[in-house]
Amino acid sequence: MLGAARLRGAATQAVRAGASTTTARQIHFAARPACRPSLAGSRPSSAIAQAQRTLFTRTPPTPLARTRQFAYLVLTLAGGAFAVAYYLDSRSGIHRWVAIPLLKAFTDPETAQKLAIKLLETGLAPKDFGVDDEILQTELFGKTISNPIGLAAGFDKQAEAIDGLLDLGFGFIEIGSVTPEPQPGNPQPRYFRLTDDEACINRFGFNSEGHSVILSRLRDRVRRWLLHSTNVASLHQALTGSPDGSSTAAQQLLASHPKSNSAFVDAVGLPRSLQHGKLLAVNLGKNKTSKEESVDDYVKGVERLGPYADMIVVNVSSPNTPGLRRLQRRGVLEDLLTQVVKARDAMVSAHVNPAKEGGKVAVPLLVKIAPDLSTEELHDVADAAINSGIDGLVISNTTISRPESLRSSEHVRETGGLSGPPVKPLALKALQTVHGRIQGKLPIIGCGGVTNGQDALDYAKAGASAVELYTSFGYQGVGLPRKIKDELTELLKAEGKTWKQVVGTGVKLSEVTVAAPNDNVPMGLSPARDEAFTKSVASVKQELAGLRQNLGLPSASSPPPAVFVPDREKDEAYYTLVEKANAALGLSFPAGQKPSASAASPEALKDAPKTQGEQAAERAAAVLKDPKGPEIKVQVTDKTKKVFGDSLRGRVAEAEDAAANRDFGKVDKSRVV
Ligand SMILES: Cc1cc2nc3c(=O)[nH]c(=O)nc-3n(C[C@H](O)[C@H](O)[C@H](O)COP(=O)(O)O)c2cc1C
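Cut-offs applied
- Residues numbered from 1 in each chain as written.
- Predicted model: local features only at pLDDT ≥ 70, side-chain atom pairs only at ≥ 80, totals over all residues.
- UniProt positions renumbered as here; feature names shortened; annotations may be inferred.
- Near = placed C-beta within 6 Å.
- Helix = DSSP H or I, 4+ residues; strand = E, 2+ residues; numbered from the N terminus.
- Nonpolar A, V, L, I, M, F, W, Y, C, P; charged D, E, K, R; others polar.
- Contact = placed C-beta atoms within 7 Å.
- Pairing = 2+ DSSP bridges.
- Axes fitted to C-alpha atoms, helices over the stretch in contact; angles between N-to-C directions.

The name that an unreviewed UniProt entry assigns to the protein is Dihydroorotate dehydrogenase (quinone), mitochondrial, with the source organism given as Pseudozyma flocculosa. As its UniProt record puts it under Pathway (unreviewed entry), the protein is described as follows: "Pyrimidine metabolism; UMP biosynthesis via de novo pathway; orotate from (S)-dihydroorotate (quinone route): step 1/1." Note on the protein: under the UniProt heading Catalytic activity (unreviewed entry), the record states "(S)-dihydroorotate + a quinone = orotate + a quinol".

*Asks:* For the site of the ligand, give the residues involved together with the corresponding values.
*Replies:* A152, G154, S419, Y470 and T471 are the nearest of the 27 residues found near the ligand. Breaking the shell around the ligand down by element, the ones donating at least two residues are β4 (172-178), β6 (199-202) and α17 (471-476). Here the shell around the ligand is built from residues that sort into 10 nonpolar, 15 polar and two charged.

*Asks:* So, the environment of N147: which residues are in play, and what are the values?
*Replies:* If you trace the backbone, N147 turns up in the loop between β2 (143-145) and β3 (149-151). Along the backbone, N147 and E134 are 13 residues apart, and their C-alpha atoms lie at a distance of 8.3 Å. For N147, the residues in contact, after removing those within four places along its chain, are D132, L136, G171 and K485.

*Asks:* Go over unusual backbone geometry with me, naming the residues and quoting the values.
*Replies:* Omega for the peptide link from G176 to S177 comes to 10°, which places this bond in the cis form. Summarising the element assignment, S177 is placed in strand β4. Here the residue pair I395 and S396 is connected by a cis peptide bond, since its omega of 15° sits within 30 degrees of zero. By the secondary structure assignment, S396 is in the loop between β12 (392-395) and β13 (417-419). Phi angles above zero are rare outside glycine, and Q439 is one such case at about 50°. Position of Q439 among the secondary structure elements: in the loop between α15 (424-438) and β14 (444-447).

*Asks:* I'd love a proper account of the sheet that holds β13, names of residues and values included.
*Replies:* Note on sheets: strands pair through backbone hydrogen bonds, and any given pair is parallel or antiparallel. With respect to topology, three strands assemble into an open sheet ordered β5-β6-β13, the strand pairing being antiparallel. The strands lining the two open edges of the sheet, one partner per strand, are β5 (191-194) and β13. The average angle at which neighbouring strand axes cross in this sheet is 20°, direction not considered. Judged from the four bridges that link them, β5 and β6 form a sheet pairing that is antiparallel. Residue pairing in the sheet places F192 in a bridge with I201 of β6.

So this is what it looks like as structure tokens:
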């Protein structure tokens, strides 16, 4: 009340002092709500009444004020329009330099991806407004795509953001992997960033909503498209020859037609992506509970989802479903692909193109393989692809290896498939090997570490008809397809060739570079990497020596101890990896040896001499407990500072934490400074 009276006084004074009407009105409005009750019982003074009269009497704005108001309005609208246009343009720096760092700072990769999918699903996401240069145009399975850059499987596993993703300028996108029955995949966390390499490790294990949910999403998309009047008009014309197809009845009839599937889409000459110059691929996976060598999951996928796809990718190379990669073996793969092709061919007659009586539309089938196969295995895959009658290959999936060139120390030991730039050398080599074997008979889609225009060009020269990417999209955001297309256009123009002309022209693997944060690191080991690698090998050796001591095993110089070596027969790839790891560490274990139970027995451990680490821990514990010991100086982490500030309490907490983590026992608090 007091404040209201003061404000009222200020209004009066402002009027008396001849302040501008606006100032007085502002003060008065501020006083109004609070002063109303007090004014109810008393008459306002004449000065206030005068002020109110002045305040509520609107004088018409002068032409100058009107112009100013108009200018403000125009500026506000233009500013708003600019902000919206800037946000909507996928090339805007805000997406890469603000949105992505924020997402990385505040979310784990799985949450970040979910948020991105949700945004893309709403239709309010940025878009690529650029036009693809003709130099990029190519064909896949007889359909034209305006550019050869696609989005790889795994990003839109549940087919939720197809249109939003196509609008970002990809030439094609691959949804899935989709499994027949819904399954949750592996427990979280299952997706990790290796930031220093702009790479990732994932072990999702095919989290999928299953065929029927994905099918209903794909069907709804076609129905929505059918209900779109311009489509219906041309569709009606294509189907009946009559130009009048725009009536609501016709629309509804078509949308509810039992064949409201790709037959209608095919009839008007659109790809099943429902966008000209772009394709939609569906990637098929297997349920974890399905029999290891069973083909049924893929056959069902072709039958159910094939009618909505421009291509179907049979995924036999995910490292996260037990036994899946074994389907890549000679004999098994050929048999599997032959059966899937048979199922596809059986469907062809069921999908007669209504526009052309008797016309047949067969969905092209591709197989996606791992980059970890030996040359011999890659030759087997190539032969199986040709013999089975499939239409193409995707090379490659993630790798189970951890290349020496990795810079990151965090998360590298997580189980799962590694993706991003470190995969490029492996995938490129595998692609070149298969391309050489099949001699261009089947198109190959290159995948693994595509991050810029140069990567795409390298893949084309190695034999890829198109490329697709995933991990770099997570690191660089929505502007990436446009950026790669622009870089690629420039590179092709410099060579005076189109994309189609460079496919399969050859690339020297030793000259290829791998994109890494802030620089281009040559493939293989650079001197700096050599040094880092030697150091890390030395530290692992030291650790192993400690472990040996701990286990009571003889030192490395004495005859090699018995260790577990995987059974070569059962898991060739793993065996080779272990062998390589042993060789890198300078340890050679006789093949086939089984673990020695006595070596790690509790009895052996009891009498084992203390390791250096254990001795150091004991010394530290003694010093920390000793009341006569020296002051304990603690470096407080930012996390602790956030809770305790830079206080003694914080430092004691930090010291206690550190000691507990290292098993150092209790800390003498009075000595913490
Ligand atoms: C988080 C994540 C999930 C993936 N999920 C699938 C999948 O469901 N099916 C599949 O065929 N590939 C999947 N991939 C593999 C990618 O499609 C791609 O083959 C691989 O990541 C290599 O490409 P990149 O280096 O551009 O990421 C996944 C990759 C990542 C990083």
